[in-house]
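Architecture and fold: a report
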Amino acid sequence: MRIDVVSIFPDYLAPLDLSLIGKAREDGLLDLAVHDLRDFTHDRHRTVDDTPYGGGAGMEMKAQPWTEALDHVLATRRAAAGAAADEASGVERPHLIVPGPGGVPFSQSLAHDLAAEPWLAFACGRYEGIDERVYEHALDDLGLRVSVVSLGDYVLNGGEVAVLAMVEAVARLVPGVVGNAESLVEESHEDGLLEYPIYTKPREWEGREVPPVLLSGNHAAIARWRHEQRLARTAARRPDLLPVSHGDGEIELRLATAGDVPELFTLVRACWVQEAVANRTLAIPALTEGIDTLRASLDTTRTWVARRGGRLIGSVRTEERGSELFIGRLCVAPDLQGRGLGRMLLEHAEGTAVSGIRTLSLMTGAGSADNLRFYKKAGYRPARVPSGVPGVVDLVKRRRA
């Protein structure tokens, strides 16, 4: 994997020479280069910022040094690749990641997706941000994929801290970087739960003993204990990650992970074939989007999956749009429809609305008579200002305080 980082503080990235990441660079598993943005300025003060048009506090990073820096990164990497580089294939174009509080949340699922890419470039912004025309240049002129990614709902002084965290999370997933690949399997967030408590020698320390089950040699009992501890720890620290039981407890509802994507993709196709028949069209996003698009949606929406006996039987996702919560991709396995699962999924999605959400919205096909009756019964009414998408009915519902 190749990684390029552009920053006005290149020394900030020095920790990338340490530990497993540093060893991976020495072993040739990671080809990582850090570039100083000020090298692409043309005044004696090496200025990278200026006042914002339209007024406002703070300074903004100028377009000129950033565009030249990105051009340089592509040119030097392509020159190093030589004639073998196939630009037409898109392989010799990096995925540009810009850390920022207004981006999609960084997650373990996204880390896995980025770890599968051959080339990543990171742009470390500072001050109030980067001139918007830099993003346009990267997209339109350089043909790059550009993703703004956030570590969390807070603001940092610059992108360097976020890049250190993201490179660490992504690079450790590259084959060979972590010596024992099995250590990656049962970590927090890999399957939606947090990791269980761990212990090492000595057996007793300052009056505290290792739980007896870990010394029993009974691997089945140890596995049960660890699973129980994972559930308990997740309930205490991150209850939002826990499966939600429905009815008699047979159905578990939880946030989707990358491991759910293949089954979810099949379920969505099965459900929307019915919609295609009802609306006499195959031009439905749920049917035309590929599995990679579905996988990427886990990072831009909150997607829940319902399982019973291990089988994925339903799903729904939500997306905050200002003071509106959009509910989409509500689906139930065709052989289980009409048993209340769709209503449960809809109510769960509605119940996730945070304070400040005033309107719940969704859409369905104009020919989907069953869906229209279902949503009307749930309190949804046609939007006063529809989106205008042909063959689609936009529905809204005021959220109760």
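Residues numbered from 1 in each chain as written. Predicted model: local features only at pLDDT ≥ 70, side-chain atom pairs only at ≥ 80, totals over all residues. Heavy atoms only, no water.

1. Quick look at the pattern of salt bridges
Side-chain pairing between opposite charges can occur once the charged atoms of the two side chains come close. Within this structure, the stated rule accounts for 17 salt bridges. Here Arg-133 ties to Asp-131 by a salt bridge, and the two come within 2.7 Å at their closest N and O atoms. A salt bridge links Glu-347 to Arg-343; the nearest nitrogen and oxygen atoms lie 2.9 Å apart. Residue Glu-347 and its partner Arg-343 are both found in helix α10 (residues 341–351); the two are separated by 4 residues, about one turn of the helix. On the basis of relative accessibility, which here comes to 41%, the residue Glu-347 falls in the partly exposed class. Take Arg-343: its relative accessible area is 32%, and that puts it in the partly exposed class. A cluster of three or more residues bridged by salt bridges with shared partners is formed by Arg-254, Asp-260, Glu-263 and Arg-307. (Salt bridge = Lys/Arg side-chain N within 4 Å of Asp/Glu carboxyl O. Helix = DSSP H or I, 4+ residues; strand = E, 2+ residues; numbered from the N terminus. Buried < 20%, exposed > 50% of the residue type's maximum accessible area, 1.4 Å probe, protein only.)

2. Some words on the packing of aromatic side chains
Scanning all chains against the criterion turns up 2 aromatic pairs. With centroids separated by 5.2 Å and ring planes inclined at 65°, the aromatic side chains of Phe-374 and Tyr-375 adopt a geometry described as edge-to-face. Ring plane angle 75° and centroid distance 6.1 Å describe the contact between Tyr-375 and Tyr-380, whose orientation is recorded as edge-to-face. These aromatic residues form a ring-pair network of at least three members: Phe-374, Tyr-375 and Tyr-380. Positioned above the aromatic ring of Trp-119, the side-chain terminus of Arg-2 is 4.3 Å from the ring centre. (Phe/Tyr/Trp six-rings, centres within 6.5 Å; stacked < 30°, edge-to-face > 60°. Lys NZ or Arg CZ within 6 Å of the ring centre and 35° of its normal.)

3. Points about the sheet that holds strand β1 (residues 2–7)
One open sheet holds the 5 strands; their spatial order is β2-β1-β6-β5-β7, and the pairing between them is parallel. The two strands at the open ends of the sheet, each matched to only one other strand, are β2 (31–36) and β7 (145–150). Going from strand to strand, the sheet's axes swing by 30° on average, the running direction of each strand aside. As paired elements, strand β5 (residues 95–105) and β7 share 7 bridges and run parallel to each other. Bridge pairing links Leu-96 to Val-146 in β7. (Pairing = 2+ DSSP bridges. Axes fitted to C-alpha atoms, helices over the stretch in contact; angles between N-to-C directions.)

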